[in-house]
Amino acid sequence: VNDGLVSTLSLVSGVAGANPGRGVVLLAGIAGLLAGAISMAAGAYISTKSEKEVHKAEIARESEELELEPEEEKEELRILYQLKGFSQEEAERLVERLSEDRELILESLVRDELGLMPESFPNPWKAGAFSGMAFIVGAFVPLIAYFFLGGLEAVLASAGLSMAALFVIGVLKTLFTGLSWLRSGLEMVGIGLFATVITYLIGNLFGVQLS
């Protein structure tokens, strides 16, 4: 959401700075929204799919090692459990119990040695769809004003709505970080304001040169 909001706000502010007319600004913003959403969705899908494939390859490699060198794999587990605080006898009993079931010991190797949890692997399609939709939600905010206003009024209204949304995003972020909600909100506003002013001035400069 933050990526969509800031990138689209920067885009429409820069284009609006050149003063090409409300229609052009809106068209550029919508194009940026679509391009960004597709890019984010594709990027999330590819990265998630690649990560999942790497993890599956690691699990397959661990399964092969268990098949070819079972005693070495058992010893690795014994050492890992002793490092976690089990006594040598406890680790031995635990590994022997696990080795009675190949799937169980493989699962233990995957979790304890590789640090992987197969059931938590994200779905690439869901990751892509979520990233794309989140980008669209954020990107739509800076465009709202341009559906109704033009010129400097649209720029200020777009910036105002975007700053309010960024502040809310910053506040919501503190639900996970536990940091000061005011500081987090103002930090997000500062980033958005900086991007808006810089891109607007650059767009204005190009607009003057082209005219």
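Residues numbered from 1 in each chain as written. Predicted model: local features only at pLDDT ≥ 70, side-chain atom pairs only at ≥ 80, totals over all residues. Heavy atoms only, no water.

1. A closer look at unusual backbone geometry
At step 1: Notably, asparagine 19 is not glycine yet its phi reads approximately 55 degrees, a positive angle.
At step 2: Overall, the relative accessible area of 62% leaves asparagine 19 in the exposed class. (Buried < 20%, exposed > 50% of the residue type's maximum accessible area, 1.4 Å probe, protein only.)

2. Some points on helix H5 (residues 102–113)
At step 1: Along its twelve residues, H5 runs 16 Å from first to last C-alpha, staying within 8% of the 16 Å computed at 1.5 Å per residue.
At step 2: Within the span of H5, buried status applies to Ile105, Leu106, Ser108, Leu109 and Val110.
At step 3: Along its buried surface, H5 packs onto helix H2 (22–68), helix H3 (70–83) and helix H4 (88–98).
At step 4: At the exit of H5 stands glycine 115, carrying a positive phi of roughly 75 degrees. (Helix = DSSP H or I, 4+ residues; strand = E, 2+ residues; numbered from the N terminus. Expected span 1.5 Å × (residues − 1). Contact = heavy atoms within 4.5 Å.)

3. Remarks on the environment of glutamate 75
At step 1: One can find glutamate 75 in helix H3.
At step 2: Exposure remark for glutamate 75: the relative accessible area of 36% places this residue in the partly exposed category.
At step 3: Along the chain, glutamate 75 and glutamate 51 lie 24 residues apart, while their C-alpha atoms are 28 Å from each other.
At step 4: A distance of 3.1 Å separates a polar atom in the side chain of glutamate 75 from a polar atom in the side chain of arginine 78. (Polar contact = N/O pair within 3.5 Å; in protein donor to acceptor, adjacent residues only side chain to side chain.)

4. Section: a nonpolar patch on the surface
At step 1: Residues Ile30, Leu34, Ile38, Phe140, Ile144, Phe147, Phe148, Leu149 and Leu161 make up a contiguous nonpolar surface patch of roughly 830 Å² in combined accessible area.
At step 2: As for its position among the elements, isoleucine 38 is in helix H2.
At step 3: By relative accessible area, which is 60% here, isoleucine 38 ends up exposed. (Patch = residues over 30% accessible without salt bridge, like charges linked within 9 Å, V, L, I, M, F, W, Y side chains within 5 Å. Areas by Shrake-Rupley, 256 points an atom, 1.4 Å probe, with all protein chains shown as cover. Salt bridge = Lys/Arg side-chain N within 4 Å of Asp/Glu carboxyl O.)

5. Digging into the nonpolar core
At step 1: Counting 13 residues, the largest nonpolar core has Leu77 and Tyr81 as its most contacted members.
At step 2: Residue assignment for this core shows that the elements contributing at least two residues are H2, H3, H4 and H5.
At step 3: The greatest single-element share of this core, amounting to four residues, is contributed by H5.
At step 4: Residues Val12, Ala16, Leu26 and Ala37 belong to the second largest nonpolar core, which totals twelve residues. (Core = buried A, V, L, I, M, F, W, Y, C linked by side-chain atoms within 4.5 Å.)

6. A word on the packing of aromatic side chains
At step 1: For the structure shown, the criterion picks out four aromatic pairs.
At step 2: Relative to tryptophan 125, the ring of tyrosine 45 lies with its centre 4.8 Å away and its plane at 50 degrees, an arrangement referred to as tilted. Here tyrosine 45 is found in helix H2, whereas its partner tryptophan 125 is found in helix H6 (residues 124–143), with 80 residues between them in sequence.
At step 3: For tyrosine 45, a relative accessible area of 23% translates into the label partly exposed.
At step 4: Between phenylalanine 140 and phenylalanine 147, the ring centres sit 6.1 Å apart and the planes meet at 40 degrees, which makes this aromatic pair tilted. (Phe/Tyr/Trp six-rings, centres within 6.5 Å; stacked < 30°, edge-to-face > 60°.)

7. Looking at the side chain of serine 131
At step 1: Within the secondary structure, serine 131 sits in helix H6.
At step 2: For serine 131, a relative accessible area of 19% gives the class buried.
At step 3: Ignoring anything within four residues of it in the chain, the contact list for serine 131 reads Met40 and Ala44.

8. Some points on the pattern of salt bridges
At step 1: Applying the stated criterion to the full structure yields nine salt bridges.
At step 2: The partner of glutamate 67 in a salt bridge is arginine 102, and the shortest N-O contact between them spans 3.3 Å. Here glutamate 67 is found in helix H2, whereas its partner arginine 102 is found in helix H5, with 35 residues between them in sequence.
At step 3: The exposure class of glutamate 67 is exposed, given its relative accessible area of 54%.
At step 4: When the shortest N-O distance is used, the salt bridge between glutamate 71 and lysine 74 registers 3.5 Å. Of this pair, glutamate 71 and lysine 74 are both found in helix H3, three residues apart, which corresponds to roughly one turn of the helix.
At step 5: Looking at lysine 74, the relative accessible area reads 15%, which means it is buried.
At step 6: Each of Glu75, Arg78, Glu92 and Glu96 takes part in one network of salt bridges that share partners.

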